[in-house]
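Chain and residue survey
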Amino acid sequence: MKYIIINLSPRPKGTSSMLKDYFAQKMHSNANDVEKCNLYDYLKSMNVLLDKVKTSDSIVLIGPSYVCSYPADTINLLSSMSESAGVLHGQSLYGFIQGGMPYTHTHEHGIRLLENFAENNPVEFKGGFVMGGGAVLNGQPLEKIMGAKKMVPAVNAFIDHIIKDEHSSEALYKNAAMKIPSFITRILAPVMTRQIKKRFAAEGINYNAKSPYL
Ligand SMILES: Cc1cc2nc3c(=O)[nH]c(=O)nc-3n(C[C@H](O)[C@H](O)[C@H](O)COP(=O)(O)O)c2cc1C
C-alpha cells in the first residue's frame, strides 16, 4: 500500500503538522510506503501534489478546524483532485480534524465535507476522527493533549484502521472526547463573551453595527 498524508494547515509547526509526522512515524513501521506533505507548499504547484495523490492507494487529510471546517484551501485541493482526470481512482480517504474548542460537534463539519466529496467522486471515504483541544497543544507532542489517557489510544486505533485499510467509526473519537459538564460551559461562555467584547472595543470594532450583508 502507498499512503499520502497531507497537512491542510498553513502552519508548518502546528498541531496538524505534528499529527502528520505522528501518523507517518506509526505508519512507516507497518506500511509499505508513506509520503507526507504540507498542502501550503503546493498551492502554486498543485499538479505536483496531484501526481502524488494519483500514485497513492490511500489518502489521509489532517487539518485544523477553521470556523467549523477545514481551511478554505482544502476546497481548492478537493476541486483540483476532482477535476483532474485519473487523479482519483478508488483510493481510500480518511480525514482528521482538530480544533481549538475541546468538543467535537462543530469540527465534525470537516468530516462531513469529505464524506460528501467521496459520495460524488471516485474515492472511498473510510472514516474520520475529530479531536478537540488542538489549539492548547499548539504543535507539542500528542501525549500532551488534554485527556491524553483516552485520546492517544483512540488516535492510535484510528491509525491502525488506516494501516488495515478498514472503516473507522465515529464512536472511536466520540468515546475519547472530554465530557465537559454543562455548568462549566455556563460559567465559561459569558466570561469568554466578555473577553471578546473587550477585544472588539480595544480595536474600535462596533459589534452592534448593522451587518453590511443584511
Ligand atoms: C482562521 C481561524 C479560524 C478558526 N476557527 C476555529 C473554530 O471555528 N473552532 C475552533 O475550535 N477553533 C478554531 N480555530 C483554532 C484552530 O482550529 C486551532 O488553533 C488548531 O489547533 C490550529 O491547528 P494548526 O496548529 O494545525 O494550524 C481557528 C483558527 C483560525 C486561525
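Data block above holds the structure.
All of the points below concern the structure found in this document. (Residues numbered from 1 in each chain as written. Predicted model: local features only at pLDDT ≥ 70, side-chain atom pairs only at ≥ 80, totals over all residues. Heavy atoms only, no water.)

Turning our attention to the sheet that holds strand 3 (residues 58-64). One open sheet accounts for five strands, arranged 2-1-3-4-5; its pairing is parallel. Each of the sheet's edge strands pairs with one partner strand only, and the pair in question is strand 2 (33-38) and strand 5 (123-131). Between one strand axis and the next, the sheet turns through 15° on average, direction left out of account. Direction of pairing for strand 1 (residues 2-7) relative to strand 2: parallel, over a ladder of six bridges. Note on strand 2: the bridge partner recorded for Ile5 is Lys36. Contacting strand 1, strand 3, strand 4 (91-98) and strand 5, helix 6 (residues 148-164) crosses the sheet at an angle of about 170° to strand 5. (Pairing = 2+ DSSP bridges. Helix = DSSP H or I, 4+ residues; strand = E, 2+ residues; numbered from the N terminus. Axes fitted to C-alpha atoms, helices over the stretch in contact; angles between N-to-C directions. Contact = heavy atoms within 4.5 Å.)

This brings us to helix 2 (residues 46-54). Along helix 2, the positions that sit buried rather than exposed are Met46, Leu49, Leu50, Lys52 and Val53. Along the long axis of helix 2, the arc covered by the buried residues comes to 155°, so they all point the same way. In this fold, the buried residues of helix 2 make contact with strand 1, strand 2, strand 3, helix 3 (73-83) and strand 4. (Buried < 20%, exposed > 50% of the residue type's maximum accessible area, 1.4 Å probe, protein only. Arc of directions from axis to C-beta.)

Let us now look at the site of the ligand. Within the structure, the ligand sits among 17 residues, and Ser9, Arg11, Ser16, Ser65 and Gln98 are positioned closest to it. At 2.8 Å from a nitrogen atom of the ligand is found a main-chain nitrogen or oxygen belonging to Val67. Considering the ligand on its own, with 650 Å² of exposed area, one finds that the protein chains cover 71% of that surface. Mapping the ligand onto the cavity grids shows that it belongs to the second largest pocket. Those elements giving two or more residues to the shell around the ligand turn out to be helix 1 (15-30) and helix 5 (134-137). Across the shell around the ligand, the residue classes break down as six nonpolar, ten polar and one charged. (Near = heavy atom within 4 Å. Polar contact = N/O pair within 3.5 Å; in protein donor to acceptor, adjacent residues only side chain to side chain. Areas by Shrake-Rupley, 256 points an atom, 1.4 Å probe, with all protein chains shown as cover. 1 Å grid on protein atoms, 1.4 Å probe; cavity = no way out; pocket = protein on both sides within 12 Å on 5 of 7 lines; lining within 4 Å. Sits in = over half its atoms within 2 Å of the grid points. Nonpolar A, V, L, I, M, F, W, Y, C, P; charged D, E, K, R; others polar.)

This paragraph deals with the side chain of Lys20. Structurally, Lys20 can be placed in helix 1. Overall, the relative accessible area of 7% leaves Lys20 in the buried class. Among residues more than four places away in sequence, those in contact with Lys20 are Ile5, Asn7, Lys36, Cys37, Asn38 and Ile62.

These figures capture arrangement, not role.
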